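Residue-level listing of the chains:
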Number of protein chains: 4
Amino acid sequence: MSRLLRTDLAIEAREMLLGKVPEEIPGVAMETEDFGEIQVTRVRIETAEAGERMGKKQGSYVTLEVPGLRQKNTELQENVARQFTKELLAMANLRDDSSVLVIGLGNWNVTPDALGPRVVRDLLVTRHILALEPETLGEGYRPVSALAPGVLGITGVETSEIIQALIEKVQPDLLIAVDALAARNLRRLHTTIQIADSGITPGSGVGNRRLAISREIIGIPVIAIGVPTVVDAVTIADDLMSQLLHLMMQEAGVDSPVYKVVQSIAEGDKRAVMAESLSPYGGRLMVTPKEIDTLVEDMARLLAGGINAALHPAIHREESGKYLH
Amino acid sequence: MSRLLRTDLAIEAREMLLGKVPEEIPGVAMETEDFGEIQVTRVRIETAEAGERMGKKQGSYVTLEVPGLRQKNTELQENVARQFTKELLAMANLRDDSSVLVIGLGNWNVTPDALGPRVVRDLLVTRHILALEPETLGEGYRPVSALAPGVLGITGVETSEIIQALIEKVQPDLLIAVDALAARNLRRLHTTIQIADSGITPGSGVGNRRLAISREIIGIPVIAIGVPTVVDAVTIADDLMSQLLHLMMQEAGVDSPVYKVVQSIAEGDKRAVMAESLSPYGGRLMVTPKEIDTLVEDMARLLAGGINAALHPAIHREESGKYLH
Amino acid sequence: MSRLLRTDLAIEAREMLLGKVPEEIPGVAMETEDFGEIQVTRVRIETAEAGERMGKKQGSYVTLEVPGLRQKNTELQENVARQFTKELLAMANLRDDSSVLVIGLGNWNVTPDALGPRVVRDLLVTRHILALEPETLGEGYRPVSALAPGVLGITGVETSEIIQALIEKVQPDLLIAVDALAARNLRRLHTTIQIADSGITPGSGVGNRRLAISREIIGIPVIAIGVPTVVDAVTIADDLMSQLLHLMMQEAGVDSPVYKVVQSIAEGDKRAVMAESLSPYGGRLMVTPKEIDTLVEDMARLLAGGINAALHPAIHREESGKYLH
Amino acid sequence: MSRLLRTDLAIEAREMLLGKVPEEIPGVAMETEDFGEIQVTRVRIETAEAGERMGKKQGSYVTLEVPGLRQKNTELQENVARQFTKELLAMANLRDDSSVLVIGLGNWNVTPDALGPRVVRDLLVTRHILALEPETLGEGYRPVSALAPGVLGITGVETSEIIQALIEKVQPDLLIAVDALAARNLRRLHTTIQIADSGITPGSGVGNRRLAISREIIGIPVIAIGVPTVVDAVTIADDLMSQLLHLMMQEAGVDSPVYKVVQSIAEGDKRAVMAESLSPYGGRLMVTPKEIDTLVEDMARLLAGGINAALHPAIHREESGKYLH
């Protein structure tokens with residue numbers, strides 16, 4: 001998939017593919033469920049070919065879409081956390097004594113990229129307590145450890161190498177990785193949570209199989225939790241111009257000579273405009289709502305609360321919503 | 001000026017107006033000076049008509065453009081701080097005992113809007129010391145006070161009302177206001193400093209004369225210092241699509257039937273695309289570099305250092321660069 | 001009262017005065033009520049003489065003591081917020097259309113002093129909305145405005161002057177000021193909330209009546225809300241040494257020659273030790289729990305939630321706990 | 001050494017041991033050098049017995065003491081950074097191509113403990129650039145990697161295990177660990193930098209040899225850089241009371257009956273007072289200056305600048321001071 005069409009969301013990959021024609025792709029199963037303000041979509045990419053067509057790896061992708069999350073609404077946040085806990089548990093398949101390592105990907109010092117580290121900050125980490133003085137916790141807690149390793153530019157070490165080194169020491173039964181994602185569509189920012197079991201490829205490792213972390217490579221299940229916090233400026237620029245061209249061609253009509261001319265010259269011009277306007281900044285320009293600081297903070301609390309409830313039955317029993325904060 | 005063409009920079013207002021034809025506007029004087037990596041442009045809008053054509057109020061606008069500021073370079077930062085101090089002093093016209101009130105506009109909790117409050121944090125504030133125990137400071141300090149009042153959404157009070165209330169109490173000889181600006185052109189982000197004496201209109205007060213603060217209204221000179229930290233997503237979208245259309249028409253050629261068609265349908269389509277894609281977010285979507293946290297922090301230090309040196313001769317004597325940090 | 005015995009809490013002033021003998025002070029009425037984990041004490045200093053003996057101004061002082069707050073416990077936090085709302089409403093005596101100005105005293109950049117500004121950040125501020133577009137809010141909201149003016153060292157202006165300037169513009173019916181306090185006793189840190197109607201004397205203004213803000217001076221009621229976040233190192237050092245001397249004299253026995261000697265030399269030695277060990281740091285050394293960042297953050301949310309519910313009936317109706325976060 | 005006498009500084013261990021009698025300890029070599037406002041002390045503990053008497057491991061301990069650092073003084077900070085670079089280079093014994101791993105110990109979210117992570121944030125990390133695109137850097141850079149792993153309470157994993165896992169992957173030639181220390185004496189806070197080659201024992205691992213990281217265990221040199229940011233409240237309480245008792249006995253005179261009585265009862269009473277006043281808080285009470293946020297920030301910049309200059313000759317050549325900021 002071209003970089004310009006980059007998205008980290010399976011649900012968007014599918015939308016892009018389908019375009020306006022809602023036909024089915026063989027090897028892709030999908031179901032949606034509606035819980036009032038929360039819509040859950042479960043996509044299963046069952047074959048390698050389907051994965052290739054989708055530009056996504058084989059596996060399960062569960063998406064919670066909650067447009068209302070952009071407004072501060074404590075009650076809705078609690079409901080979303082509860083649904084998120086349910087979906088996470090359904091995918092995780094935990095035993096009572098499963099041990100879990102949670103990795104917060106991203107960079108503490110860059111707000112839109114700080115989601116993972118902030119989730120780690122709010123987790124109930126128990127591995128050391130269960131090992132040294134389990135009686136202080138009581139029943140109903142699984143051994144949970146966590147790390148926010150930072151990003152390649154800060155550590156000088158591939159994040160996947162750090163994670164693998166830690167997995168060898170900690171020997172967890174499940175790896176959960178939390179990350180801020182790039183979306184393609186602005187309306188998904190801070191309103192969509194994706195849970196997937198197809199593995200992760202932290203940061204700069206895009207397209208570099210050696211650096212991916214998946215069940216096949218590390219031998220334990222990997223669940224990736226992501227929330228889009230930015231749209232790449234290049235993506236949105238491409239989208240806007242494509243929509244403009246599409247509209248113009250529609251209006252001119254397919255029989256008009258203009259249609260063909262626009263079609264023939266437009267794609268090159270689009271590239272030229274972006275090369276001139278955006279390229280000097282590399283991939284480092286992002287589009288984001290002004291209230292990004294609050295949105296990231298709130299989402300980190302929601303995810304940490306939901307993960308805490310999923311991993312620790314003692315918390316789950318007492319209503320996960322209580323533990324968001 | 002249409003909202004789509006919004007910029008807070010006089011230098012951009014002029015560029016927009018001039019377009020590709022570098023003709024002169026009557027009533028606008030301009031000079032540029034080159035100091036290696038720093039280019040200084042001084043625009044003087046001398047008549048009300050010129051101001052109207054420029055979409056800017058009458059007054060002096062000095063702009064420092066330093067493309068290198070986007071890279072972390074301590075030495076360049078120090079040089080820019082020194083030049084900034086000089087330009088500020090040239091505009092400020094201070095007596096030895098002039099008292100100055102510095103206002104940091106913007107919102108502490110929103111990174112791209114936090115420039116003003118962060119400058120206030122790093123200022124050398126002396127009014128209370130000079131009043132109570134001047135001997136602890138020695139010679140060479142002017143009475144400086146400061147406030148970061150926050151924004152309307154946080155205070156519930158128009159920022160200009162808060163400023164006026166404070167001016168009545170403090171009775172300064174000069175008001176300096178520091179603010180994060182919106183630019184039109186991405187390359188200006190965090191690389192351009194504007195100093196102007198035409199007054200300020202904090203935040204939501206756009207277009208509301210009652211809420212402007214200028215020499216005519218408060219009776220003392222007002223100097224506004226601004227640095228662009230974001231480009232409004234609407235602005236950039238408009239620019240990109242305009243460039244695309246321009247390129248297409250150029251390529252088609254003015255005699256082609258396509259030229260006319262594109263011209264006739266494109267403007268409406270552009271509006272339609274933006275209405276559909278961006279409008280749901282109001283004016284709250286911004287384009288900004290990912291490293292915004294660091295860029296704002298560094299710029300706040302540079303400005304605070306430069307203002308400290310300008311307001312306190314004792315600091316100026318010992319090289320302003322030393323006081324950036 | 002000597003600086004060494006400094007406390008901002010009426011409940012501690014009373015304890016100090018009473019010592020071990022629980023006799024009553026004339027002109028001081030006190031009642032306590034127990035709500036499980038929350039103990040509420042209401043002290044009323046009714047005469048000027050009683051105030052002098054207590055080292056506190058005449059007025060009502062309500063204290064919520066909640067030792068459990070030091071542990072992170074969302075449910076308890078919600079209960080405390082509800083009780084706090086009740087006590088605040090009982091003291092505030094609001095009409096349906098009373099307008100309220102909330103001042104967050106203290107310094108954003110110094111964690112233990114940041115309580116007030118952080119409460120302001122989380123308030124539901126409505127004055128501007130009710131003035132410009134009341135229909136977006138609906139029924140049940142009072143006009144609330146807020147300011148976190150900073151401290152004298154940052155502004156160069158007495159905080160009480162800034163507040164008075166703002167009161168003249170905004171003309172509220174009630175002033176609420178939120179501040180971090182110094183306690184005398186470590187166990188009160190982050191576990192005690194004081195609500196008082198006797199006025200405030202922000203920051204450096206200690207002992208300077210001109211700078212106090214009270215009902216007599218500004219003509220509207222003033223409610224101060226405070227939570228101890230630090231104990232002054234001098235206070236705690238004095239306490240520890242006094243306890244040591246007390247214990248030693250007790251053990252030696254009142255008839256022992258040692259008793260008299262200790263009594264005669266100890267007080268001077270105590271001063272000498274403190275002068276040597278702590279004086280170089282002025283009043284700037286504090287004792288505080290390591291987890292101060294989290295404790296301040298949690299308390300700010302609790303107070304903001306409780307104030308929001310007290311000031312806006314629409315929020316109160318839907319359970320204040322929901323709005324803590 | 002008793003917990004009450006805890007210090008992380010070799011220079012304090014020696015002071016405690018020596019008390020008022022300046023005799024020499026066999027097996028301990030010491031030299032001091034004076035650079036104006038900077039005093040450098042180099043202690044070498046040469047034998048195991050000497051180490052035992054000092055309560056410190058065998059090795060070299062270099063201490064920079066700079067009382068002036070408590071005041072904001074950019075020039076002094078630069079001078080200290082330069083001297084720190086020299087001392088670090090003298091201890092590090094680097095080859096031109098030595099690779100270095102820097103570990104920032106401590107907790108991002110707790111200001112006085114955040115020194116290590118903040119140093120990591122400001123390091124020039126190069127390992128990945130030298131591996132992938134060395135030409136972008138040019139000559140004069142060593143491969144440097146870094147990690148701020150967090151603390152046991154956040155990760156659930158012993159920090160030394162995380163470090164060892166990373167060392168196995170990265171295979172550095174030298175490990176540098178930066179940490180906030182506890183001092184015994186208030187005047188050392190934020191004014192003293194210790195550089196030692198005797199290994200580290202991160203966090204909770206106190207006294208647990210398995211968790212120490214030293215040259216013997218990992219096979220490469222380990223340099224620990226530490227700055228005291230807090231004094232444990234228990235330590236300072238003990239000190240104050242000891243000084244008080246000492247003074248009292250001195251005044252009473254050694255022949256007085258009081259002397260003996262005080263001596264005999266005081267130690268027990270001291271313990272009783274501390275048990276009652278401080279024990280409820282465990283080791284979690286600290287004494288620290290109010291301006292801790294700024295002091296930690298400034299020190300992190302100083303250390304990062306000094307380490308950058310030590311590890312990268314290209315930076316060293318251009319004056320390390322320039323790179324503090």
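Residues numbered from 1 in each chain as written. Chains lettered and ligands numbered in written order. Predicted model: local features only at pLDDT ≥ 70, side-chain atom pairs only at ≥ 80, totals over all residues. Heavy atoms only, no water.

Caption draft 1: Geometry of the overall build of chain A. In terms of regular secondary structure, chain A is built from 12 helices and nine strands. Residue burial in chain A is summarised as follows: out of 325 residues, 59% are buried. Contacts in chain A between residues at least 24 apart in sequence constitute 73% of all its contacts with a sequence separation of at least 6. On chain A, roughly 12,900 Å² of surface is accessible, and the fraction owed to carbon and sulfur atoms is 49%. (Helix = DSSP H or I, 4+ residues; strand = E, 2+ residues; numbered from the N terminus. Buried < 20%, exposed > 50% of the residue type's maximum accessible area, 1.4 Å probe, protein only. Contact = heavy atoms within 4.5 Å. Areas by Shrake-Rupley, 256 points an atom, 1.4 Å probe, with all protein chains shown as cover.)

Caption draft 2: Region of the structure containing the interface of chain C and chain D. If you look at the interface, chain C gives 40 residues, while chain D gives 40 residues. Inspection of the chain C/chain D interface yields zero salt bridges. For the interface between chain C and chain D, the tally reads four residue pairs in polar contact (both at pLDDT 80 or more). Breaking the side of chain C that touches chain D down by element, the ones donating at least two residues are helix 9 (233–252), helix 10 (257–277), strand 9 (285–289) and helix 11 (292–311) of chain C. When residues of the side of chain C that touches chain D are assigned to their parent elements, the largest contribution, 11 residues, is made by helix 9 of chain C. Tallied by class, the residues present in the side of chain C that touches chain D amount to 25 nonpolar, six polar and nine charged. (Salt bridge = Lys/Arg side-chain N within 4 Å of Asp/Glu carboxyl O. Polar contact = N/O pair within 3.5 Å; in protein donor to acceptor, adjacent residues only side chain to side chain. Nonpolar A, V, L, I, M, F, W, Y, C, P; charged D, E, K, R; others polar.)

Caption draft 3: Structural context of the packing of aromatic side chains. Evaluated as defined, the whole model comprises two aromatic pairs over all chains. On the basis of an interplanar angle of 35 degrees and a centroid distance of 5.9 Å, the ring pair of B:Trp108 and C:Trp108 is categorised as tilted. A residue pair is termed interchain when its members come from two chains, as with B:Trp108 in the loop between strand 4 (100–104) and helix 4 (115–121) and C:Trp108 in the loop between strand 4 (100–104) and helix 4 (115–121). (Phe/Tyr/Trp six-rings, centres within 6.5 Å; stacked < 30°, edge-to-face > 60°.)

Caption draft 4: Here's a closer look at the interface of chain A and chain B. Counting residues at the interface gives 40 residues for chain A and 40 residues for chain B. At the boundary of chain A with chain B, total buried surface from both sides reaches about 3,900 Å², with 68% on carbon and sulfur atoms. Between chain A and chain B we count zero salt bridges in total. Along the contact surface separating chain A from chain B lie four residue pairs in polar contact (both at pLDDT 80 or more). Elements represented by at least two residues in the side of chain A that touches chain B include exactly helix 9 (233–252), helix 10 (257–277), strand 9 (285–289) and helix 11 (292–311) of chain A. Sorting elements by how many residues they give to the side of chain A that touches chain B places helix 9 of chain A first, with 11 residues. The residue inventory of the side of chain A that touches chain B, partitioned by class, reads 25 nonpolar, six polar and nine charged. One ladder, built from five bridges, connects strand 9 of chain A with strand 9 (residues 285–289) of chain B; its direction is antiparallel. Looking across to strand 9 of chain B, one finds that A:Thr288 is bridged to B:Met286. (Buried area = accessible area lost by both parts, 1.4 Å probe. Pairing = 2+ DSSP bridges.)

Caption draft 5: Up close: the packing of helix 9 (residues 233–252) of chain D against helix 10 (residues 257–277) of chain D. All names here are of chain D. Taken N-terminus to C-terminus, the directions of helix 9 and helix 10 make an angle of 165 degrees; their axes are 10 Å apart at the nearest point. Classified by the angle between their axes, helix 9 and helix 10 sit roughly antiparallel to one another. Regarding helix 9 and helix 10, the two cross each other, and that crossing is right-handed. When helix 9 is examined against helix 10, the residues Val234, Ala237, Asp238, Met241, Ser242, Leu245, Met248, Met249 and Ala252 are found in contact with a partner set consisting of Val258, Tyr259, Val262, Gln263, Ala266, Lys270, Val273 and Met274. By residue class, the composition of the contact of helix 9 with helix 10 is 13 nonpolar, two polar and two charged. (Axes fitted to C-alpha atoms, helices over the stretch in contact; angles between N-to-C directions. Parallel < 35°, antiparallel > 145°, perpendicular 65-115°, else oblique. Left-handed = near helix turned anticlockwise from the far one by under 90°.)

Caption draft 6: Region of the structure containing the relation of the copies chain A and chain B. Turning chain A through 180 degrees and shifting it by 0.0 Å along the axis lays it on chain B, with an RMSD of 0.2 Å. Within this description, the copies of the chain are treated as partners about a two-fold rotation axis. Of the C-alpha atoms belonging to chain A, the one lying closest to the rotation axis is found on A:Val287, 2.2 Å away. A high fraction, 100%, of the interface residues of chain A reappear at the interface in chain B, so the copies pair face to face through one surface. (Least-squares fit on C-alpha atoms with pLDDT ≥ 70 in both.)

Caption draft 7: Representation of helix 9 of chain A within the structure. Residue and element names in this part refer to chain A. Here helix 9 spans 29 Å end to end across 20 residues, near enough to the 28 Å set by a 1.5 Å rise per residue. Two or three places before Val234, at the opening of helix 9, Asp232 has a side-chain oxygen 2.8 Å from that residue's backbone nitrogen. Positive phi appears at Gly253, one or two residues downstream of helix 9, with a value of about 95 degrees. (Expected span 1.5 Å × (residues − 1).)

Caption draft 8: Main features of the domain arrangement of chain A. Residues and elements named next belong to chain A. Here the domain parsing of chain A yields domain 1 (10–235 + 283–324) and domain 2 (236–281). The gap between the C-alpha centroids of domain 1 and domain 2 is 35 Å. At the junction of the two partners, domain 1 supplies 11 residues and domain 2 supplies seven residues. Roughly 770 Å² is buried in total at the junction of domain 1 and domain 2, and carbon and sulfur atoms are behind 56% of that figure. Among the residues of domain 1 in contact with domain 2, Val234, Thr235 and Leu285 are the three that bury the most area, contributing 49% of the side total. With its nearest N and O atoms 2.5 Å apart, the salt bridge here joins Asp239 to Arg184. At the surface where domain 1 touches domain 2, the tally comes to 10 residue pairs in polar contact (both at pLDDT 80 or more). Listing elements by their share of the side of domain 1 that touches domain 2, those giving two or more residues are strand 8 (222–232), helix 9 and strand 9. It is helix 9 that contributes the most residues to the side of domain 1 that touches domain 2, three residues altogether. For the side of domain 1 that touches domain 2, the residue count by class is six nonpolar, two polar and three charged. (Domains from an automatic or database assignment.)

Caption draft 9: Seen up close, the pairing of strand 9 (residues 285–289) of chain D. All names here are of chain D. In terms of burial, strand 9 is largely enclosed, as five of its five residues are buried. The sheet contact formed by strand 8 (residues 222–232) and strand 9 spans two bridges and is antiparallel. Counted as the bridge partner of Val231 is Val287 from strand 9.

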